[in-house]
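# Examination of the molecular architecture
One-letter residues, chain by chain:
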Amino acid sequence: QISEMRNNDFEFLDLEDFDPKSLEFLENSQYKCEIVVQWVQRLILEAHTANVLNVPPPILSRVFNQVGNGVVILNNVEKLNDFPVPFPISQTVTVMLIFQWFLTAF
């Protein structure tokens, strides 16, 4: 979503346990990160319900809170990627930084 790399091949630990329909859905979706976050949240909740994760509810709610904070940060980064800084502003900031560098160097 936010990566501008040409090679988007990232390593997975194990893709054999995924349903082929789910992987196809993920591959064709525009919002891959949000889908994976939903999958992780669902797995956490299912594990807690099945007593695989024996965690007190306040700690578990903090886990979901942190995952939600990560999604908010992801959306903020997407905004920065979608709306670039105008060229005159970026050039002004660059000139000011160079000017400051010369002033503080001596």
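Coordinates for the structure precede this section.
Residues numbered from 1 in each chain as written. Predicted model: local features only at pLDDT ≥ 70, side-chain atom pairs only at ≥ 80, totals over all residues. Heavy atoms only, no water.

With that settled, the discussion passes to the packing of helix H1 (residues 20-28) against helix H2 (residues 32-49). Here H1 crosses H2 at 145°, and the two axes come no closer than 8 Å. Here H1 and H2 pass one another in a crossing that is right-handed. Across from Ser22, Phe25, Leu26 and Glu27 in H1, the residues of H2 making contact are Lys32, Ile35, Val36 and Trp39. Grouping the amino acids of the contact of H1 with H2 by side-chain chemistry returns five nonpolar, one polar and two charged. (Axes fitted to C-alpha atoms, helices over the stretch in contact; angles between N-to-C directions. Helix = DSSP H or I, 4+ residues; strand = E, 2+ residues; numbered from the N terminus. Left-handed = near helix turned anticlockwise from the far one by under 90°. Contact = heavy atoms within 4.5 Å. Nonpolar A, V, L, I, M, F, W, Y, C, P; charged D, E, K, R; others polar.)

Quick look at helix H3 (residues 57-82) now. An α-helical segment advances 3.6 residues per turn. Residues three or four places apart therefore align on the same side. If you check H3, its first and last C-alpha atoms are 37 Å apart, about what 26 residues at 1.5 Å a residue would give, namely 38 Å. Among the residues of H3, those classed as buried are Leu60, Leu74 and Glu78. Residues of H3 that are buried sit in contact with H2. (Expected span 1.5 Å × (residues − 1). Buried < 20%, exposed > 50% of the residue type's maximum accessible area, 1.4 Å probe, protein only.)

Moving on, we come to a nonpolar patch on the surface. Taken together, the side chains of Val85, Ile89, Val93 and Leu97 make up a nonpolar region of the molecular surface, amounting to roughly 370 Å² of accessible area. Along the polypeptide, Ile89 turns up in helix H4 (residues 87-105). Residue classification places Ile89 among the partly exposed positions, given a relative accessible area of 47%. (Patch = residues over 30% accessible without salt bridge, like charges linked within 9 Å, V, L, I, M, F, W, Y side chains within 5 Å. Areas by Shrake-Rupley, 256 points an atom, 1.4 Å probe, with all protein chains shown as cover. Salt bridge = Lys/Arg side-chain N within 4 Å of Asp/Glu carboxyl O.)

All right, on to the packing of aromatic side chains then. Summed over the entire model, instances satisfying the criterion amount to two aromatic pairs. Note on Phe18 and Trp39: the rings are 5.9 Å apart at their centroids and 40° apart in plane angle, and the pair reads as tilted. Of the two residues, Phe18 sits in the segment before H1 while Trp39 sits in helix H2, which places them 21 residues apart along the sequence. With relative accessibility at 33%, the residue Phe18 sits in the partly exposed group. Owing to a relative accessible area of 23%, Trp39 belongs among the partly exposed residues under this scheme. (Phe/Tyr/Trp six-rings, centres within 6.5 Å; stacked < 30°, edge-to-face > 60°.)

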